[in-house]
Amino acid sequence: MAATGSKKVIYAALAGNGLIAITKFFAAAYTGSSAMLSEGIHSLVDTGNQGLLLYGLKKADQPADEKHPFGYGVELYFWAFVVAILIFAVGSGISIYEGIQKILHPHPITSPIVAYVVLSLAIVFESVAWWIAYKEFNRVRGQRGLLQAVRDSKDPAVFTVLFEDTAAMAGLVVALLGLLGVQFLGLPWLDGAASVMIGVILALTAAFLAYETKSLLVGEGADPATVEVIRNLVEATPTVSRMNEIRTLHRGPQDVLLALSIDFENNLTVGSVEESIYALEVAIKRRFPIVRRVFIEAQATRHHIEMLEADRRHDDPPAS
């Protein structure tokens, strides 16, 4: 379900940005606007980014094999990180360079009305794509704030598109203000300044996305609420004396690896321990389908080991 929602958001952004990029490049060539050229580059980069996210989703769906026994879920995190780098290196870098050139060598804009029409249409199309991304993100964030939901999210596809579209909307407004400044204030360099500002917006967006996706790529655990429910479920099991350790790792948005270290009751047979482990695994996976793999280690605590050693010494006869 989550992957379907992610793909819907990406396809909507891909279609919108592809059409907008073509229109912006046409307007930039016709009017000579540096800000419009930056916006065209921005939309072209976004279009390519959506393609990379779709590729990441496809790769992440590959089943586990001998070379990758835990699957390919991290592929999505990798390609989301690449998207962030591309926004910074290509989108931001070219926009800032183009803007500086226009500031140093300003020239008038021809037929600004064409640019206004293109920007207005782009704002409408971008708003539709942004709204689709926002609705999907809002559906999964619950009562959390926007930034907190991004930090907690394990699906970079949706929040990457959302922030890309937000940056695109901000860039369109900046480009529009730059063109208005050139036309009504008679300051050609404002078009270049708008291009630089668009580059700065992209750089800040890229830095934020890179930080969030890097954390996912390095490895994040399941959300605390999920971990607490699993802990309670294990500790409520009659055959469990105590739980020593619990570790979780997201291998993808819907793929969690769980490792447990459990101290079982002393009077259990090996067969009873095996049955308890199997029952726990079934119960956890039924409660949380995203937990794909469960590793349970039967291990006594240090205190338990010391008690067993003391009992053994007490029972052993003294050496003659």
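Computed from a prediction, not measured in an experiment: that's the story for all the values here. (Residues numbered from 1 in each chain as written. Predicted model: local features only at pLDDT ≥ 70, side-chain atom pairs only at ≥ 80, totals over all residues. Heavy atoms only, no water.)

**Observations regarding the packing of aromatic side chains**
Following the criterion strictly, the structure yields seven aromatic pairs and no others. The interplanar angle of 75 degrees and the centroid separation of 5.0 Å between the aromatic rings of Phe 78 and Trp 79 together place this pair among those described as edge-to-face. Owing to a relative accessible area of 38%, Phe 78 belongs among the partly exposed residues under this scheme. Between the aromatic rings of Phe 163 and Phe 208, the centroid separation amounts to 5.0 Å while the plane-to-plane angle is 35 degrees, which identifies the pairing as tilted. Of the two residues, Phe 163 is situated in helix 6 (residues 156-185) and Phe 208 in helix 7 (residues 189-218); the sequence distance between them amounts to 45 residues. Here Phe 163 falls in the buried class, since its relative accessible area comes to 15%. The class for Phe 208 is partly exposed, based on a relative accessible area of 22%. (Phe/Tyr/Trp six-rings, centres within 6.5 Å; stacked < 30°, edge-to-face > 60°. Buried < 20%, exposed > 50% of the residue type's maximum accessible area, 1.4 Å probe, protein only. Helix = DSSP H or I, 4+ residues; strand = E, 2+ residues; numbered from the N terminus.)

**What to know about the pattern of salt bridges**
Evaluation of the coordinates by the stated rule reveals eight salt bridges. For the salt bridge of Glu 281 with Lys 285, the shortest nitrogen-to-oxygen distance reads 3.2 Å. Within this pair, Glu 281 and its partner Lys 285 are both found in helix 9 (residues 270-287), separated by four residues, close to a single helical turn. Judged by its relative accessible area of 30%, Lys 285 is partly exposed. (Salt bridge = Lys/Arg side-chain N within 4 Å of Asp/Glu carboxyl O.)

**Considerations on the environment of Phe 26**
As for its position among the elements, Phe 26 is in helix 1 (residues 2-31). Residue Phe 26 is classed as exposed on the basis of its relative accessible area of 55%.

**Quick notes on a nonpolar patch on the surface**
A cluster of nonpolar side chains, Ile 113, Val 117, Leu 121, Val 124, Phe 125 and Val 128, forms an exposed patch at the surface whose accessible area comes to about 550 Å². Positionally, Phe 125 belongs in helix 4 (residues 112-141). Its relative accessible area of 44% is what places Phe 125 among the partly exposed residues. (Patch = residues over 30% accessible without salt bridge, like charges linked within 9 Å, V, L, I, M, F, W, Y side chains within 5 Å. Areas by Shrake-Rupley, 256 points an atom, 1.4 Å probe, with all protein chains shown as cover.)

**As for the layout of surface pockets**
Here the largest pocket is characterised by a volume of approximately 530 Å³. For the lining of the largest pocket, the secondary-structure elements that each account for two or more residues are helix 1, helix 4 and helix 5 (146-152). With five residues, the single largest contributor to the lining of the largest pocket is helix 4. Here the residues of the lining of the largest pocket are counted per class, giving 10 nonpolar, five polar and eight charged. Of the pockets and cavities examined, the second largest pocket occupies roughly 300 Å³. Taken together, 21 residues form the lining of the second largest pocket, with Ala 60, Asp 61, Pro 253, Gln 254 and Arg 292 sitting closest to its centre. Broken down by secondary-structure element, the contributors of at least two residues to the lining of the second largest pocket are helix 1, helix 2 (34-60) and strand 3 (291-298). It is helix 1 that contributes the most residues to the lining of the second largest pocket, three residues altogether. (1 Å grid on protein atoms, 1.4 Å probe; cavity = no way out; pocket = protein on both sides within 12 Å on 5 of 7 lines; lining within 4 Å. Points joined across faces, edges and corners; volume = space filled by probe spheres on them. Nonpolar A, V, L, I, M, F, W, Y, C, P; charged D, E, K, R; others polar.)

**Considerations on the sheet that holds strand 1 (residues 240-252)**
Taking strand neighbours across the sheet as the criterion, the three strands line up as 1-2-3 in an open arrangement whose pairing is mixed. With partners counted over all chains shown, the strands left at the sheet margins are strand 1 and strand 3, one partner each. When the angles between neighbouring strand axes are averaged without regard to direction, this sheet yields 15 degrees. Note that strand 1 and strand 2 (residues 255-264) share 10 bridges and pair antiparallel. By the bridge assignment, Glu 245 is partnered in strand 2 with Ser 261. Packing against the sheet, helix 8 (residues 224-235) makes contact with strand 1 and strand 2, and its axis sits at approximately 150 degrees to strand 1. (Pairing = 2+ DSSP bridges. Axes fitted to C-alpha atoms, helices over the stretch in contact; angles between N-to-C directions. Contact = heavy atoms within 4.5 Å.)

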